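Coordinate inspection notes
This is what each chain is made of:
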Amino acid sequence: MTFSTQTKDELAHIFPHKKCCQLAELSALIRLDGTITISPQHKVGLNVTTENAAVARKIFRLAKQVYNMDTEVRVLRRMRLRKKNLYCVRFNQQFLPQETNKHEFFKEIGLLGEDGAVLPGIKKSLVKKQCCKRSYLRGVFLGAGSVNSPESNYHLEIITNSSEFAQALTNLINEFDGLNAKISVRKKWNIVYLKESEQIVFFLNIIGAHQALLNFENIRIVKGMRNQVNRLVNCETANLNKTVNASIKQVENIKLIENTIGIDKLSPRLQEIAILRLNNPDVSLKELGEMMMPAISKSGVNHRMRKIEDLAEELRNSMNLKGKRLKKIKKPENY
Ligand SMILES: [Zn+2]
């Protein structure tokens, strides 16, 4: 089960207590997943389709609770595409109480504006109260949302089919301090999304997905620690490689001096460090400095190593390919 499905399962089982919130959530679900149908007999109907059985049950229950409406749930098996079942909640022709007409219902649920035209945004009165805002956003997420597992990149999105609705939804989300939802356009879809992990956690909290939030945080912490450990390991490996590479070069230089003019020709302070290095090829400059009597700093060691390097360079330059000395070099004790 994906992280997204887990989150939706949790949210599908939250049932708002207040009537205002029930209406808000039902309205969001219908807005995102609903289709108005017209039968051959010109009867208007409404279908709400979802991939999630728990969400279908929730729509059924909300319709019953808010409107005392009986709806019918049908399972549509999709054989070819992802092979997931689709659940269709049908508000059929007899779905409204006699005294209300469908027009009023569509207005109340926010599909039509007061003027009777299609309402592209979000009906204000549905999301007036804080409690209803949360319920509406929960409905929106259940209807068209998804969230990546924090193991991959941080991403939560809601897919909408209209730019006006996407803008209204973005404004609603961003009414909450700390949230900064944005819109991106993918083909004919307007996608409202959140990117940062803190914002996703906050959004999950607003819509009541507390278990999902905890799981998200746990994975995020483990991931954060793993990244930190990796960074440290990489850093240490890099330092170790640097130490080893530098040491190989230093040992080469010292051996060259040993085989040409002899280490005893070096000044005493260079001699000491050269012998220490030959005996301890795998320690850092700092550690080498600590072995000296008296101890010297890393930059002191570095300074002496550079002198050894200069001398070795001069020795190399003074030799022909066969290793025979061609010219005189500066006296080693001057190094
Ligand atoms: Zn409410």
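Relevant structure appears above.
Conventions and cut-offs
Just so you know, the residues in each chain are numbered from 1, in the order the chain's sequence is written. Local features in a predicted model are, by the rule used here, given only for residues with pLDDT of at least 70; side-chain atom pairs are given and counted only at 80 or more, and totals for whole chains, interfaces and linings are based on all residues. Side-chain calculation: all heavy atoms of the structure are included, whereas hydrogens and water are not. Put simply, a nonpolar core is a bunch of buried Ala, Val, Leu, Ile, Met, Phe, Trp, Tyr and Cys residues held in one set by side-chain atoms that sit within 4.5 Å of each other. Three exposure classes are used, based on accessible area relative to the maximum for each residue type with a 1.4 Å probe and protein chains only: buried under 20%, partly exposed in between, and exposed over 50%. Residue contacts are defined here by distance: any two heavy atoms, one from each residue, within 4.5 Å place the two residues in contact. Any two strands with at least two DSSP-identified bridges between them are counted as paired. Starting at the N terminus, helices and strands are each numbered in turn, a helix being any DSSP run of H or I of at least four residues and a strand any DSSP run of E of at least two. Every axis in this analysis is a line fitted to C-alpha atoms, fitted for helices over the stretch in contact. Angles between the N-to-C directions lie between 0 and 180 degrees. Metal-coordinating donors are taken as N, O and S atoms lying within 2.8 Å of the metal, or within 3.2 Å when the metal is Na, K or Ca; because water is left out, some sites can appear incomplete. Under this scheme a four-donor centre is tetrahedral when all angles range from 85 to 135 degrees, a four-donor centre is square planar and a six-donor centre octahedral when opposite donors are above 155 degrees with the rest from 65 to 115, and any other centre is irregular. Contacts described as polar in this section are N or O atom pairs within 3.5 Å, which, within protein, must combine one atom able to donate a hydrogen with one able to accept it, while residues neighboring in sequence count only if both atoms come from side chains. Here a cavity means grid points, on a 1 Å grid over the protein atoms only, where a 1.4 Å probe fits yet cannot get out; a pocket means an open set of points with protein on both sides within 12 Å along at least five of seven lines; lining residues are those with an atom within 4 Å of a point. Grid points are joined across faces, edges and corners, and a volume is the space filled by probe spheres set on the points. Under the convention adopted here, Pro, Cys and the residues Ala, Val, Leu, Ile, Met, Phe, Trp and Tyr are nonpolar, Asp, Glu, Lys and Arg are charged, and Gly plus all remaining residues are polar.

Time to look at the nonpolar core. The biggest cluster of nonpolar side chains holds 65 residues, and the ones touching the most others in it are Tyr 136 and Phe 203. In this view, Phe 203 contacts Leu 137, Phe 141, Leu 156, Ile 158, Ile 173, Leu 179 and Leu 194; residues no more than four positions away in its chain are not counted. Membership of the second largest hydrophobic core comes to 21 residues, among which are Leu 256, Ile 263, Leu 266 and Ala 312.

A few words now on the sheet that holds strand E6 (residues 156–160). The antiparallel open sheet is built from four strands, whose spatial order is E5-E6-E8-E7. Both outer strands of the open sheet, strand E5 (145–147) and strand E7 (182–186), are each paired with one neighbouring strand and no more. If you compare each strand with its neighbour and ignore which way they point, the axes differ by 25 degrees on average. In the sheet, E6 pairs with strand E8 (residues 189–194) via five bridges, with the strands oriented antiparallel. Paired with Ile 159 across the bridge in E8 is Ile 191. Contacting E5 and E6, helix H5 (residues 130–144) crosses the sheet at an angle of about 80 degrees to E5.

Once that is clear, we can look at the sheet that holds strand E1 (residues 34–38). Taking strand neighbours across the sheet as the criterion, the four strands line up as E1-E2-E4-E3 in an open arrangement whose pairing is antiparallel. The sheet is open, and its two borders are formed by E1 and strand E3 (72–77), each paired with just one other strand. Direction aside, neighbouring strands of the sheet carry axes that sit 30 degrees apart on average. Note that strand E2 (residues 44–50) and strand E4 (residues 85–91) share five bridges and pair antiparallel. Looking at E4, one finds that Thr 50 is bridged to Tyr 87. In this fold helix H2 (residues 19–33) packs onto E1, E2 and E4, with an angle of close to 90 degrees to the strand it touches most, E2. Those strands touched by helix H3 (residues 53–67) are E2, E3 and E4, and its axis lies near 10 degrees from that of E4.

Attention shifts here to the coordination of the zinc ion. Reference values for coordination geometry: four tetrahedral donors around a metal ideally subtend 109.5 degrees, six octahedral donors ideally subtend 90 or 180 degrees. Distances from the zinc ion to its protein donors, Cys 20 (SG), Cys 21 (SG), Cys 131 (SG) and Cys 132 (SG), fall at 2.3 to 2.4 Å. In this structure, the zinc ion is coordinated by four donor atoms arranged in tetrahedral fashion, with angles at the metal of 97 to 128 degrees. Between consecutive donor residues of the zinc ion, the sequence gaps follow C-C-x109-C-C. Its relative accessible area of 3% is what places Cys 132 among the buried residues.

Attention now goes to the side chain of Thr 50. Take Thr 50: it is sitting in strand E2. A polar contact is formed between the side chain of Thr 50 and the backbone nitrogen of Asn 52, at a distance of 3.0 Å. Not counting the four nearest positions on each side in its chain, Thr 50 is found in contact with Asp 33, Val 55, Ala 56, Ile 59, Asn 85, Leu 86 and Tyr 87.

The rolling of a water-molecule-sized probe over the atoms marks out the regions of remaining empty space. What the largest pocket holds in volume is close to 1,100 Å³. Taken together, 37 residues form the lining of the largest pocket, with Leu 32, Asp 33, Thr 49, Gly 143 and Ala 144 sitting closest to its centre. With four residues, H2 is the largest single contributor of residues to the lining of the largest pocket. The residue inventory of the lining of the largest pocket, partitioned by class, reads 15 nonpolar, 13 polar and nine charged. Computed from the structure, the second largest pocket encloses a volume of approximately 330 Å³. Lys 242, Thr 243, Ala 246, Leu 285 and Lys 298 are the residues nearest the centre of the second largest pocket, which is lined by 16 residues in total. Counting residues per element, the ones that place at least two in the lining of the second largest pocket are helix H8 (210–260) and helix H11 (298–317). Ranked by the residues each element gives to the lining of the second largest pocket, the list is headed by H8, at seven residues. Residues of the lining of the second largest pocket, tallied by class, amount to four nonpolar, six polar and six charged.

By themselves these figures say nothing about function.
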